[in-house]
Amino acid sequence: MSSKIPYVKHNNGTQIQSIGLGTYTSLGGDCERATLHAIDVGYRHIDTAYFYENENEVGAAVQRKIAEGVIKREDIHITTKLWCHFHEPKRVEYACRKTLQNFGLQYVDLYLMHWPYSYVYRGDNEMMPTDAKGEVELNDIDYLDTWREMEKLVELGLTKSIGVSNFNSEQLTRLLANCKIKPIHNQIECHPALNQKKLIALCKKNDIVVTAYCPLGRPNPAEKTPNYIYDAKVQAIGDKYKKSTAQVVLRYLIEIGTIPLPKSSNPKRIEENFQIFDFQLDAEDHAILDSYNTGERLIPMTHAIKSKNYPFNIEF
Ligand SMILES: NC(=O)c1ccc[n+]([C@@H]2O[C@H](COP(=O)([O-])OP(=O)(O)OC[C@H]3O[C@@H](n4cnc5c(N)ncnc54)[C@H](OP(=O)(O)O)[C@@H]3O)[C@@H](O)[C@H]2O)c1
C-alpha cells in the first residue's frame, strides 16, 4: 500500500512520505503498538521527540519490523527532537547520542530543534525546570549556537538531516542567513483554525518542507471541539467523497502544502488517517475549510513568553 503514497523531496535530496504518524501522549506500550500497526498499514514516517518519552517504543517497533523483514531501516523515516534543556552547545551531541540509545538505532533521519527558546539544564529528566515560584527557568541561548552543533551531528552521521520546529518567519530567515546546512523542515502547529498560509509560503520559497502538528486540532468528542471536526459543513464535504471530517481536514492540509502528522493509538483511526490519497478537494471545499482560520493556537506555550526567542509574538 505504501507505494501509492506520495513522497516529498527535501532540499538535501532525501525524501519523506507525505503523511506521518504522530506519537505525543502515546505511552505505556501504546506507542509501540501504534507504530507496529502503522508500519503494517503502510506508514513509513514516524514523528516523536525526546520530550514524549517514547523514543524507546518507536525504536522497539521499528526494530521488530526490520527483524520480521517487513521494512529495511532505510525504508522508514524517523523524526525526533532536541528538547529545550539541551540547547547549550556542549549538550547537543550528548542529547542526540542519548536519543539514539533510547531508540536502539545507529542514526535518526531527522533531528529537529523542538523550540527556538531554551531552558536551564538541571538534569536529563528535568525537562521543565522550575524556580521557587514555580516558573519555568528560561535561559537565553542563541538558537544559532545550538544549530551549529546540530550541523556537526550530520557530519558525525548521527542524523541524516536536521530541521527546526516552531520557528517564526524572522527566526527562520535569520537561521537561513547564518547556517552551513539548511533546515529541511519547519514543524509547526497547523490545522483549519491556524492554517499558516503565510509561513508555509515562506518555507516553500526557501525549499523547506512544513510538517503540520495538531493537524486534527486534538478532537474532543465530549465537547465537540474543534468546530471543523464536528460541523455539518465539513461533514457535508466528507459525505461527498465518502470520507470522515478528519480525513477531509488531513486532505486539506496536504493540499495547502504540508505533511500532516495525525497522532492516533487506535488501530482503526491509524488506518482512517492514512486513507486520504484517493480523493481531491475542490475550490468550494477549500473556501469552506479556509473559513475556520481564526489564528487561534492550541499550543501557545505562554510560559516562555518572556524569552527573547519566544516565537509567537509576531504575525507569523
Ligand atoms: N513540534 C511540536 O512542538 C509538536 C507539538 C505538538 C504535537 N507534535 C506532533 O504532532 C503530532 C500530532 O499532534 P497532536 O497529537 O497534538 O494532535 P492531533 O493529531 O491533532 O490529535 C490527536 C488526537 O486525535 C485523535 N484522533 C486521531 N485520529 C482521529 C480521527 N480520525 N478522528 C477523530 N479523532 C482522531 C487521537 O485519539 P486516538 O489516539 O484515540 O485515536 C488524539 O486524541 C503529535 O503526536 C506529535 O508527534 C509536535
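Fair warning: this is a prediction, and the values are worked out from it, not measured in the lab.

**Structural notes on the UniProt feature "binding site: substrate" (unreviewed entry) in the protein**
In the numbering used here, UniProt assigns the feature "binding site: substrate" (unreviewed entry) to H114. Among the structural elements, H114 can be located in the loop between β6 (108-113) and β7 (118-119). Residue contacts for H114: discarding those within four places in its chain leaves A49, F51, Y52, K81, L82, W83, S165 and N166.

**Things to note about the pairing of strand β10 (residues 185-189)**
Counting buried positions along β10 yields five of five residues, so the element is predominantly enclosed. Both strand β9 (residues 159-165) and β10 contribute to a ladder of two bridges, which runs parallel. By the bridge assignment, S165 is partnered in β10 with Q187. Handedness of the β-α-β unit built from β9, helix α5 (residues 169-178) and β10 comes out right-handed. In this structure, β10 lies alongside strand β11 (residues 209-213), joined through five bridges in parallel fashion. Residue E189 lies in a different strand from β11, and its bridge partner there is Y213.

**Some details on the pattern of salt bridges**
Summed over all chains, the structure comprises 22 salt bridges. Among the salt bridges present, the one from R91 reaches E88, with a minimum N-O distance of 3.4 Å. Since its relative accessible area comes to 18%, R91 is described here as buried.

**A few points about the sheet that holds β11**
Taken together, the eight strands give an open sheet; going across it, the order is β3-β4-β5-β6-β9-β10-β11-β12, and neighbouring strands pair in parallel fashion. Only two strands of the sheet have a single partner each, and these edge strands are β3 (21-22) and β12 (258-260). When β11 meets β12, the two strands line up parallel, connected through three bridges. When the sheet's bridge partners are listed, V210 is paired in β12 with T258. Packed on one face of the sheet, helix α6 (residues 197-205) meets β10, β11 and β12 and runs near 175° to β10.

**Quick look at the state of the cysteines**
Counting across every chain of the model gives zero disulfides. C84 provides the cysteine sulfur closest to C96, a residue in no disulfide bond, and the two sulfurs are 16 Å apart. A residue is classified by how much of its surface remains accessible, and C96, at 0% relative accessible area, is buried. C203 takes part in no disulfide bond, and the closest cysteine sulfur to it belongs to C190, at a distance of 10 Å.

**Here's the deal with the UniProt feature "domain: NADP-dependent oxidoreductase" (unreviewed entry) in the protein**
Annotation from UniProt places "domain: NADP-dependent oxidoreductase" (unreviewed entry) at residues 32-292. Along residues 32-292 the backbone is 43% helical and 15% strand, and the end-to-end C-alpha distance reaches 34 Å.

**Some details on the site of the ligand**
The immediate surroundings of the ligand are formed by 29 residues, with D47, R218, K263, S264 and R269 found nearest. Contact distances for the ligand include 2.7 Å between an oxygen atom and a side-chain N or O atom of R218. In the environment of the ligand, a nitrogen atom lies 2.9 Å from a nitrogen or oxygen atom belonging to the side chain of N273. Bound to the protein, the ligand loses 87% of the 910 Å² it would expose on its own. No other element matches helix α10 (residues 267-274), which puts three residues into the shell around the ligand. Split by residue class, the shell around the ligand holds twelve nonpolar, eleven polar and six charged.

**Some details on the pairing of β9**
Across the seven residues that make up β9, a large majority, six, are buried. Pairing of β6 with β9 involves five bridges; the strand directions are parallel. Directly across from Y111, in β9, lies its bridge partner I162.

**Points about the side chain of E55**
As for its placement among the helices and strands, E55 is situated in helix α2 (residues 55-67). Despite its burial, E55 pairs with no opposite charge, the nearest such side chain being K81 at 8.7 Å. Within the structure, the side chain of E55 is placed 2.6 Å from the side chain of T80, a separation counted as a polar contact.

**Observations regarding the packing of helix α9 (residues 245-255) against helix α11 (residues 283-290)**
The interhelical angle for the contact between α9 and α11, taken along N-to-C directions, is 100°, at an axis separation of 11 Å. In terms of orientation, α9 and α11 fall into the roughly perpendicular class. Judged by residue contacts, V248, V249, Y252 and E255 of α9 engage H286, L289 and D290 from α11. Residue classes in the contact of α9 with α11 are distributed as four nonpolar, one polar and two charged.

Calculation notes
- Residues numbered from 1 in each chain as written.
- Predicted model: local features only at pLDDT ≥ 70, side-chain atom pairs only at ≥ 80, totals over all residues.
- Heavy atoms only, no water.
- UniProt positions renumbered as here; feature names shortened; annotations may be inferred.
- Helix = DSSP H or I, 4+ residues; strand = E, 2+ residues; numbered from the N terminus.
- Contact = heavy atoms within 4.5 Å.
- Buried < 20%, exposed > 50% of the residue type's maximum accessible area, 1.4 Å probe, protein only.
- Pairing = 2+ DSSP bridges.
- Right-handed = clockwise from strand over helix to strand, strands pointing away.
- Salt bridge = Lys/Arg side-chain N within 4 Å of Asp/Glu carboxyl O.
- Axes fitted to C-alpha atoms, helices over the stretch in contact; angles between N-to-C directions.
- Disulfide = S-S within 2.5 Å.
- Near = heavy atom within 4 Å.
- Polar contact = N/O pair within 3.5 Å; in protein donor to acceptor, adjacent residues only side chain to side chain.
- Areas by Shrake-Rupley, 256 points an atom, 1.4 Å probe, with all protein chains shown as cover.
- Nonpolar A, V, L, I, M, F, W, Y, C, P; charged D, E, K, R; others polar.
- Lys, Arg positive; Asp, Glu negative; His and termini not counted.
- Parallel < 35°, antiparallel > 145°, perpendicular 65-115°, else oblique.

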